[in-house]
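Letter by letter, the chains look like this.
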Amino acid sequence: MSSDRDTQDEDRADALFHALADRTRRDIMRRVLRGEHSVTTLAAKYDMSFAAVQKHVAVLEKAGLVIKRRTGREQLASGDVAAVRSVASMLGELEDVWRGRIGRMDELLALDTPAPPTL
Amino acid sequence: MPVTDVTPDIDNRTLTITADFAAPVERVFQVYADPRQLERIWGPPTHPATVVDHDLNPGGRVNYFMTGPEGEKFYGTWLVESVDAPKGFAFDDAFTDDAFAINADLPVSKNVFAFSEYQGGTRAVYTSTYATAEGLQQVLDMGVVEGASGAINQIDTLLAG
């Protein structure tokens, strides 16, 4: 059960790292974190084709950093999920701390003689 | 591995850890009730804890500091809210100055530790909640905890940029 969870976490971390390892995608993230942008508006900011920008947005979307919705013919991208993801990562770190504490609890309890000292 | 479940609750910034120990409930509670045992498990190996004052009773305080690899000290306190020995206790964990006066600028975490009998041993459920995501980040940034990863910093930079 924990190994499935570990694999899931690793996959998520991979997607996150991959998505953020690109300069254009980081720039897109900064924009969509400030508010919803249409992909067309975003594309106008970069010296590359609309299709290329759309691909970058798709990578961010796949990593869960961007949410896209459609209104009419426009695709609108927003980045508030990134905040949620960062909290997920932070909780992951906190989890490490707790695993450490519990591991040491186990070691401490293993040292016990059958009659623990009274308080 | 004694950790049997980890449940992060992103919306509420809560982490719930369930662990099973091969020891009676009383024995597990005693780790927290005994300052010398508590300091062996509270700080990460890189930041061992020293418990200075220990009053694990409602309204009581447990004052401690952790010592980093460079000798830097991080002071903190538990504000004990309730105790139901040996079934558990609840407290706020706050940062303090070196006289154990609470630093209101730093995040406080709410903690509930619950111990129950389970298959001849003890099941422990640890719930830790931060008021804000920023608070959680701030705690991690302080280096009090081990293993701060580049991922967090990357995202943080993004959010700030």
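It should be noted that the structure appears before, not after, this text.
Structural notes, computed from the coordinates. It should be emphasised that the depicted structure is a prediction, and the values quoted were computed from it without experimental measurement.

Thresholds, definitions, all that
- Residues numbered from 1 in each chain as written.
- Chains lettered and ligands numbered in written order.
- Predicted model: local features only at pLDDT ≥ 70, side-chain atom pairs only at ≥ 80, totals over all residues.
- Heavy atoms only, no water.
- Helix = DSSP H or I, 4+ residues; strand = E, 2+ residues; numbered from the N terminus.
- Contact = heavy atoms within 4.5 Å.
- Expected span 1.5 Å × (residues − 1).
- Buried < 20%, exposed > 50% of the residue type's maximum accessible area, 1.4 Å probe, protein only.
- Arc of directions from axis to C-beta.
- Polar contact = N/O pair within 3.5 Å; in protein donor to acceptor, adjacent residues only side chain to side chain.
- Pairing = 2+ DSSP bridges.
- Phe/Tyr/Trp six-rings, centres within 6.5 Å; stacked < 30°, edge-to-face > 60°.

## A closer look at the environment of A:His18
Residues and elements named next belong to chain A. Examined against the element boundaries, His18 turns out to sit in helix H1 (residues 2-20). In this structure the C-alpha to C-alpha distance between His18 and Val59, which are 41 residues apart in sequence, comes to 8.5 Å. Setting aside residues up to four positions removed in sequence, His18 forms contacts with Arg25 and Val59.

## Digging into helix H2 (residues 23-34) of chain A
Given 3.6 residues per helical turn, the α-helix brings residues three or four places apart onto the same face. Residues and elements named next belong to chain A. Between its first and last C-alpha atoms H2 spans 17 Å; for twelve residues at 1.5 Å apiece the expected length is 16 Å, and the two agree. Looking only at H2, the buried set comprises Thr24, Arg25, Ile28, Met29 and Val32. Along H2, the residues classed as buried sweep out an arc of 140 degrees about the axis, all on the same side. For H2, the exposed residues set more than 90 degrees away from the buried face come down to Arg23 and Arg34. Two or three places before Thr24, at the start of H2, stands the capping residue Asp22, its side-chain oxygen 3.0 Å from that residue's backbone nitrogen.

## As for the pairing of strand E8 (residues 121-130) of chain B
All names here are of chain B. Relative to E8, strand E2 (residues 14-21) is paired through eight bridges, and the arrangement is antiparallel. Across the sheet, the residue bridging to Asp20 is Arg123, located in E8. The pairing of strand E7 (residues 109-118) with E8 spans ten bridges and is antiparallel. Residue pairing for E8: Glu117 is matched across the bridge by Thr122. In textbook terms, the turn of a hairpin is the stretch between consecutive antiparallel strands, and for E7 and E8 this stretch comprises two residues, one of which, Gln119, has a positive phi near 45 degrees.

## A short note on the packing of aromatic side chains
Residues and elements named next belong to chain B. Scanning the entire structure with this criterion turns up 23 aromatic pairs over all chains. With a centroid separation of 6.4 Å and an interplanar angle of 65 degrees, the aromatic rings of Trp42 and Phe91 are classed as edge-to-face. Of this pair, Trp42 sits in the loop between helix H2 (35-41) and strand E3 (49-54) while Phe91 sits in strand E6 (residues 88-95); the two residues are 49 residues apart in sequence, bridging distant segments of the chain. Among the residues examined, Phe91 registers a relative accessible area of 1% and is labelled buried. Aromatic pair Phe89 and Phe113: ring centres 5.1 Å apart, planes at 55 degrees, arrangement tilted. Of this pair, Phe89 sits in strand E6 while Phe113 sits in strand E7, and the two are 24 residues apart along the sequence. Of the two residues, Phe89 and Phe113, both sit in the buried class.

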